[in-house]
Amino acid sequence: MEQPQREIRAAYTDSTITVYQAYAPEIGLPAVQEGRFPTAWKRDRMTWIKPSFLWMMYRCGWGTKEGQETVLAVEISRDGFEWALRHACLSSYARGVHPDRAAWQRQLKRAPARVQWDPERDLHLQPRPYRSLQLGLCDEATRRYADEWTVAIRDETPLAHEIHALVNSGDLDSAARLLPQERPYPVEDELLAHLRG
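Residues numbered from 1 in each chain as written. Predicted model: local features only at pLDDT ≥ 70, side-chain atom pairs only at ≥ 80, totals over all residues. Heavy atoms only, no water.

**Quick notes on the sheet that holds strand E5 (residues 88-90)**
Paired through backbone hydrogen bonds, the strands of a sheet run either parallel or antiparallel to each other. Taken together, the four strands give an open sheet; going across it, the order is E3-E7-E6-E5, and neighbouring strands pair in mixed fashion. Of all the strands in the sheet, just strand E3 (47-49) and E5 have a single pairing partner and so form its edges. Strand-to-strand, the axes of this sheet are offset by a mean angle of 40°, without reference to chain direction. Pairing analysis gives three bridges linking E5 to strand E6 (residues 113-121), with the strands arranged parallel. Each residue of the ladder has a partner; that of Cys89, found in E6, is Arg114. In this fold helix H2 (residues 53-60) packs onto E6 and strand E7 (127-137), with an angle of close to 90° to the strand it touches most, E6. Taken strand by strand, helix H5 (residues 140-149) contacts E3 and E7, and its axis lies near 85° from that of E7. (Pairing = 2+ DSSP bridges. Helix = DSSP H or I, 4+ residues; strand = E, 2+ residues; numbered from the N terminus. Axes fitted to C-alpha atoms, helices over the stretch in contact; angles between N-to-C directions. Contact = heavy atoms within 4.5 Å.)

Written as structure tokens, this is what we have:
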């Protein structure tokens, strides 16, 4: 079956979905210890969450980029994730989705979340021919994410390093077996209709 061009793929349960972020240890390690974001984590800034583990690896360089050395798996409520999608706007203008550029800009200013569809990545972090969701949260959505939706926070830095070492040694089969099991996220079409871009 052909892969949809835009699809949310994620590790999820009946009630939660796992998203990834990477932070400096002074933010990431207290978040893991406390199971919630520490007070040093800025609730008034935009934060991007990624359901794709490999896209996060591309972004943080397998946890080696400065300020992104701690890779977090953040388990959040599906209700919260879907609230963000429902209230999101595409991060760039898309003809056919928005009546015109001015209407998109007005919507973007009001929206507490925004969506980008970026190329999914393979184990070598090269782009694949289909796209994965990046979800930017600001204002109300950021506060809800940190204080209401977050169920658990795990440190996936050791996993990132282990998979990276296997990729570097050429053992792609073993690396692939360690990847989080991501599958198409069950979301109704009307929830994504305004985000297809």
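Let's pick the thread back up.
**So, helix H4 (residues 101-110)**
Regarding H4, the residues found buried are Ala103, Trp104 and Leu108. Summarising the axial view, the buried residues of H4 lie within an arc of 135°, below the 170-degree limit, and thus occupy one face. Residues Lys109 and Arg110 are exposed on H4 and point more than 90 degrees away from its buried face. (Buried < 20%, exposed > 50% of the residue type's maximum accessible area, 1.4 Å probe, protein only. Arc of directions from axis to C-beta.)

**Side note on the sheet that holds strand E2 (residues 16-23)**
Taken in spatial order, the three strands of this open sheet run E2-E4-E8, and their pairing is antiparallel. Edge positions in the open sheet fall to E2 and strand E8 (150-155), since each of these has one partner strand only. Strand-to-strand twist of the sheet, defined as the mean angle between neighbouring strand axes without regard to direction, takes the value 25°. As paired elements, E2 and strand E4 (residues 70-77) share eight bridges and run antiparallel to each other. When the bridges of E4 are listed, Thr18 appears paired with Glu75.

**Some thoughts on the packing of aromatic side chains**
Counting across every chain of the model gives nine aromatic pairs. Both rings, one in Tyr20 and one in Phe53, keep their centres 5.4 Å apart while their planes meet at 75°; by these two values the pair is edge-to-face. Of the two residues, Tyr20 is situated in strand E2 and Phe53 in helix H2; the sequence distance between them amounts to 33 residues. Ring geometry for Trp55 against Tyr58: centres 5.6 Å apart, planes inclined by 70°, an arrangement best described as edge-to-face. In this pair, Trp55 and Tyr58 both sit in helix H2, three residues apart, roughly one turn of the helix. A residue is classified by how much of its surface remains accessible, and Trp55, at 8% relative accessible area, is buried. Taking the relative accessible area as the measure of exposure, Tyr58 reaches 34% and is therefore partly exposed. (Phe/Tyr/Trp six-rings, centres within 6.5 Å; stacked < 30°, edge-to-face > 60°.)

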